[in-house]
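Okay, here's what each chain looks like letter by letter:
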Protein chains: 2
Amino acid sequence: MIAKTPPPPYFAVIFTSLRTEIDENYSEMATWMVQLAQEQEGYLGHESAREGVGITVSYWKDLESIRKWKAHTDHLLAQKLGREKWYRGYKTRIAVVERDYEFEK
Amino acid sequence: MIAKTPPPPYFAVIFTSLRTEIDENYSEMATWMVQLAQEQEGYLGHESAREGVGITVSYWKDLESIRKWKAHTDHLLAQKLGREKWYRGYKTRIAVVERDYEFEK
C-alpha cells in the first residue's frame, strides 16, 4: 500500500537491506516489528517491498519518535538478530520529507 | 543493490507506486528511465523493488538536479504515459537525507 501521510514536513526512515539465506524466525520478527512500530508514538505509516534488495520506508512525526523506536527494547533485539542472522548488509537513512505529491486514478 | 551515496546531506526522491494491468512498453521505459537518470547531473544512485507496491528511491546532490530531472523532456513523456497507462496511483516524496549508517558482513 501507499502510506497515507499528513502534509509535510515529516520524517522518513529509508531502510535498504540485503538478506542472508537464513530465514529462521525472520518473517515472524518482521510481522512483529511492523505491528510494534504501528503502536509507537509518532508513527505515520510505512511502505515495504523486497525484490532482490529490500526497501522499507517508515514515516514519523519527528526525530524524537524515530530515536525512541530505534531504542525500543524489542526493536534492539530485532536489530541484533538482524545483524547476526538475517542481513548481510543494510543502510538506514534518516530524512526530512519537505514536499510530496500524488496521483490516483 | 544498496546505493553507495556520499556523506549526508543529500536528497532522496521516494517514488511509491501501484501498477495497472497494462504492461505495454513498461519495462522498456523503466529501463530507459534508469539509464537516463544515471546520466543526469547530480544523480547519486537509486534503489528499487516491487512486491505489490513498487518503491524506487533515487538520490540526488541537490534540489536543482531533481527539478531538472523532473522536467527532462523524455522523463515528462514517461510521466504522462505512466499516468495514462501503467500506474493506478503513485506518491512522490522529496526529502533531505540528514543522517545515514550502514552494516556490512
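Residues numbered from 1 in each chain as written. Chains lettered and ligands numbered in written order. Predicted model: local features only at pLDDT ≥ 70, side-chain atom pairs only at ≥ 80, totals over all residues. Heavy atoms only, no water.

In the nomenclature of an unreviewed UniProt entry, chain A corresponds to Antibiotic biosynthesis monooxygenase from the organism Algoriphagus taiwanensis.

1. Section: the relation of the copies chain A and chain B
This is how it is decided: Copy-to-copy superposition: least squares on the C-alpha atoms, limited to residues that have pLDDT of at least 70 in both copies. Two residues qualify as a contact provided that any one of their heavy atoms is within 4.5 Å of a heavy atom in the partner residue.
For the pair chain A and chain B, the superposition axis carries a translation of 0.0 Å, the fit reaches an RMSD of 0.0 Å, and the rotation angle comes to 180 degrees. Read as a symmetry element, the transformation amounts to a two-fold axis. Take the interface residues of chain A: 100% of them recur as interface residues in chain B, which is what a same-surface contact looks like.

2. Comments concerning the interface of chain A and chain B
Going by this rule: By convention, the term buried area covers the 1.4 Å-probe accessible surface removed from two parts as they join, with the contributions of both added. When a carboxyl oxygen of Asp or Glu is within 4 Å of a side-chain nitrogen of Lys or Arg, the pair counts as a salt bridge. Whenever two N or O atoms come within 3.5 Å, that pair is a polar contact, provided that in protein one can donate a hydrogen and the other can accept it, and provided that, for residues adjacent in sequence, both atoms are side-chain atoms. What counts as a helix is a DSSP run of H or I of at least four residues, what counts as a strand is a run of E of at least two, and both are numbered from the N terminus. Note on pairing: DSSP must find at least two bridges between two strands before they are called paired.
The interface of chain A with chain B comprises 45 residues on the first partner and 45 residues on the second. Carbon and sulfur atoms make up 59% of the surface buried where chain A meets chain B, a total of about 4100 Å² over both sides. For chain A, the biggest contributors to the area lost against chain B are A:Arg93, A:Tyr101 and A:Phe103; these three give 17% of the whole. Taken together, chain A and chain B are joined by 6 salt bridges. Across the pair B:Lys91 and A:Glu102 runs a salt bridge, and its minimum N-O distance is 3.7 Å. Summed over the shared surface of chain A and chain B, the result is 31 residue pairs in polar contact (both at pLDDT 80 or more). When residues in the side of chain A that touches chain B are grouped by element, the largest group, 18 residues, is from strand S4 (residues 87–104) of chain A. As paired elements, S4(A) and strand S4 (residues 87–104) of chain B share 15 bridges and run antiparallel to each other. When the sheet's bridge partners are listed, A:Glu102 is paired in S4(B) with B:Lys91.

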